[in-house]
Amino acid sequence: MRTSEKADALLALSRLEVQLAALRLRIMATADDVAEEAGARDVAAWLAHESRDVPAACRAEQHLAVALHSRWTRLGTAVAEGSVNLAQARVIARALDELPSDLDPALRAQAEEHLVEAAKEYRPDQLRVLGRRILDVIAPEVGEAEEAKQLTREEERAWEAVSLTLTRRGDGTTRLAGVLPDAAASRLATYLDAFTSPRQHATVAPQDRARGQAFIALLEHLDPAKLPDHGGDATTVMVTINHDALTRDLASAGLVGTDDKITASEARRLACTAQIVPVVLGGKSEILDLGRTRRLFNAPQRKALRLRDQQCRGENCSVPAQWCEAHHLSPWSRGGKTNLTDGILLCSHHHHRAHDNRYSTERMPNGDIRFHRRN
């Protein structure tokens, strides 16, 4: 087949597939007797069982079949002709179903006609946007008020659907899954992109990984003093570690109130952050030292570090100072002091590197830190 023949064949077959699917939908819409004879709940359940298909997919097809047969016949005709595909039809039918119930029938018919005509030019995602604002097109006088009502309904449904689950995977990671209102999700994306965008030119990483790392950085930058009290005190994280283990690279520390363990190097990194309270224990688990703010860079010191460093001091990194963390060049666990001479600004990425035992560091003549992967 020549290139032009392949192109013509693909378009023709796509059209035929739509027409064949439309025929199936027309039969489904009038096949209640098939389900009744078989004792099935409905034709979707019968078809899913007999064809070994996914029940949810069959039920969605049945809903669309009924809509095209009884409510939106003009749309049904367009699908039967192959001029509107099933993905477009689902979007259009949903938009039409969401029109106000007391809308003038003439306007309802006009909305259906407009969307069917628009399907000749627009993809399903574009039709979804147009469908939401169809009244603005055909009846501007009622469109604005109806849009406000629709947004209210969507916000109420979104709030009811909010969920967040944390599932331990057993390999040191937890799967986070959830459903958020669009506005909250957009706000979260904005916060995360504030961490990731400045470093995109320096490190190339998939967006999902970059946002995951940014989410961790966001949690570490939360101010417990502004969170609700938890257990009678401001929300804080306490890390316990044996004094001897604190000075070793291959050691672990525990998070108070959980069974979680972290490495000693991670505990040292977290100790640089004012929201983490390190608790150093002696041989009999007595508290030798409870982390205090004198170990942490205070607000004036952080301002001075920002004025001095301007940005992350990791080599070739340009993350702005306001998104960086204060790091002890000499760890406090090894006698380091909390002063400007011993402090330096590092972004979240390089701060992790500084406390990663797999890397060694070298202070450059200009004060930047170069990282080397250990062999």
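Residues numbered from 1 in each chain as written. Predicted model: local features only at pLDDT ≥ 70, side-chain atom pairs only at ≥ 80, totals over all residues. Heavy atoms only, no water.

**Q** I tried to follow the overall build of the chain on my own but got confused; where do I start?
**A** Scanning the chain for helices and strands turns up 16 helices and 13 strands. Expressed as a percentage of the 375 residues in the chain, the buried residues total 36%. The long-range fraction of contacts in the chain, counting pairs at least 24 apart against all pairs at least 6 apart in sequence, stands at 49%. (Helix = DSSP H or I, 4+ residues; strand = E, 2+ residues; numbered from the N terminus. Buried < 20%, exposed > 50% of the residue type's maximum accessible area, 1.4 Å probe, protein only. Contact = heavy atoms within 4.5 Å.)

**Q** Is there a simple way to explain the pattern of salt bridges in this structure?
**A** Taken as a whole and judged by the stated rule, the model has twelve salt bridges. The residue Glu117 makes a salt bridge to Lys120 at a minimum N-O spacing of 3.2 Å. For Asp356, the salt bridge is made with Arg358, and the minimal N-O distance between the two is 2.6 Å. For Arg358, a relative accessible area of 45% translates into the label partly exposed. The network of salt bridges with common partners includes Arg308, Asp309, Arg313 and Asp368. (Salt bridge = Lys/Arg side-chain N within 4 Å of Asp/Glu carboxyl O.)

**Q** How should I be thinking about helix H5 (residues 73–81) in this particular structure?
**A** In an α-helix, one turn spans 3.6 residues, which is why side chains three or four residues apart end up on the same side. Three or more residues of H5 are buried, namely Leu75, Gly76, Ala78 and Val79. The buried residues of H5 occupy an angular sector of 160 degrees when the element is viewed end-on, so they sit on one face. Where H5 terminates, the next one or two residues include Gly82, which has phi positive at roughly 85 degrees. (Arc of directions from axis to C-beta.)

**Q** When you look at the pairing of strand S2 (residues 174–179) in this model, what are you seeing that I'm missing?
**A** Each regular strand shows side chains that alternate between the opposite faces of the sheet. Relative to S2, strand S1 (residues 163–168) is paired through six bridges, and the arrangement is antiparallel. By the bridge assignment for S2, Thr167 is matched with Arg175. If you look at the hairpin formed by S1 and S2, you'll find five residues sitting between the two strands, and Gly170 has a positive phi there, around 80 degrees. (Pairing = 2+ DSSP bridges.)

**Q** Explain the nonpolar core to me, please; I cannot follow it from the model alone.
**A** Nonpolar side chains in soluble globular proteins generally cluster together in the buried interior. One finds Leu75, Val79, Val84 and Ile92 to be the most contacted residues of the largest nonpolar core, which totals 42 residues. Looking at this core, the elements that each hand over two or more residues are helix H1 (3–29), helix H3 (43–51), helix H4 (55–71), H5, helix H6 (86–97), helix H7 (105–118), helix H8 (124–132) and helix H9 (134–138). Per-element tally for this core: the top contributor is H6, with seven residues. Aside from chain neighbours lying at most four places away, what touches Ile92 is Leu75, Val84, Leu115, Val116, Ala119 and Leu127. Phe297, Cys312, Cys317 and Cys347 belong to the second-largest nonpolar core, a separate cluster that totals 15 residues. (Core = buried A, V, L, I, M, F, W, Y, C linked by side-chain atoms within 4.5 Å.)

**Q** What is the right way to read the environment of Cys312 from this model?
**A** Mapped onto the elements, Cys312 comes out in the loop between helix H15 (299–309) and strand S10 (325–328). Taking the C-alpha atoms as reference, Cys312 lies 5.4 Å from Cys347; in sequence the two are 35 residues apart. Ignoring anything within four residues of it in the chain, the contact list for Cys312 reads Cys317, Val319, Cys324, Leu345, Leu346, Cys347 and His350.

**Q** Would you mind going over H8 with me for this structure?
**A** Residues Leu127, Leu130 and Gly131 constitute the buried set of H8. The buried side chains of H8 occupy one side of the element, clustering within an arc of 100 degrees when seen end-on. Where H8 is buried, its residues contact H6, H7 and H9.

**Q** Please clarify how the packing of H5 against H7 should be interpreted in this entry.
**A** When two helices pack together, their arrangement is given by the angle between their axes and by how far apart the axes lie. Contact geometry for H5 and H7: axes closest at 9 Å, N-to-C directions at 20 degrees. By the criterion of interaxial angle, the relationship of H5 to H7 is roughly parallel. When the axes of H5 and H7 are compared, the crossing they make is right-handed. Contacts between H5 and H7 involve Thr73, Arg74, Leu75 and Ala78 on the former and, on the latter, Glu112, Glu113 and Val116. (Axes fitted to C-alpha atoms, helices over the stretch in contact; angles between N-to-C directions. Parallel < 35°, antiparallel > 145°, perpendicular 65-115°, else oblique. Left-handed = near helix turned anticlockwise from the far one by under 90°.)

**Q** Could you clarify how one ought to interpret a negative patch on the surface in this entry?
**A** Taken together, the side chains of Asp32, Asp33, Glu36 and Glu37 define an acidic patch exposed on the protein surface. Looking at the secondary structure, you find Glu36 in helix H2 (residues 32–38). Owing to a relative accessible area of 66%, Glu36 belongs among the exposed residues under this scheme. (Patch = residues over 30% accessible without salt bridge, like charges linked within 9 Å, V, L, I, M, F, W, Y side chains within 5 Å. Areas by Shrake-Rupley, 256 points an atom, 1.4 Å probe, with all protein chains shown as cover. Lys, Arg positive; Asp, Glu negative; His and termini not counted. Charge placed at Lys NZ, Arg CZ, Asp CG, Glu CD.)

**Q** Looking at this structure, I do not really get the packing of H6 against H8. What am I missing?
**A** Between H6 and H8, the shortest axis-to-axis distance is 9 Å and the interhelical angle comes to 10 degrees. Classified by the angle their axes make, H6 and H8 are roughly parallel. On the side of H6, the interface is formed by Ala87, Gln88, Val91, Ile92 and Ala95, while H8 contributes Pro124, Leu127, Arg128 and Gly131. The residue makeup of the contact of H6 with H8, split by class, is six nonpolar, two polar and one charged. (Nonpolar A, V, L, I, M, F, W, Y, C, P; charged D, E, K, R; others polar.)

**Q** Whenever I open this one, the side chain of Glu61 confuses me. Can you help?
**A** Inspection of the secondary structure assignment puts Glu61 in helix H4. Not counting residues within four places of it along the chain, the set of residues in contact with Glu61 comprises Arg24, Leu25, Met28 and Arg90.

**Q** How do you make sense of the confidence of the model for the chain when you look at a structure like this?
**A** Parts of the model with low pLDDT should not have their predicted coordinates read in detail. Chain-level pLDDT for the chain is 79 on average; 74% of the residues reach the 70-or-more range. Every residue in residues 198–202 scores below 50 in pLDDT, and together they form ten contacts with partners more than four places removed in sequence or on other chains. Taken together, the stretch residues 230–235 has pLDDT below 50 and engages in six contacts with residues farther than four places along the chain or on a different chain. (pLDDT = per-residue confidence, 0-100.)

**Q** I'm lost on the side chain of Asp356 in this one. Help?
**A** With respect to the element layout, Asp356 can be found in the loop between helix H16 (348–354) and strand S12 (359–363). A residue is classified by how much of its surface remains accessible, and Asp356, at 16% relative accessible area, is buried. Within the structure, Asp356 has its side chain in polar contact with the side chain of Arg358 (distance 2.6 Å). (Polar contact = N/O pair within 3.5 Å; in protein donor to acceptor, adjacent residues only side chain to side chain.)

**Q** Even after reading the chapter, I still don't get a nonpolar patch on the surface, so can you show me in this structure?
**A** Together, Leu20, Leu23 and Ile27 line one region of the surface with nonpolar side chains, adding up to about 300 Å² of accessible area. Accessibility expressed as a relative area gives 51% for Ile27, which makes it exposed.

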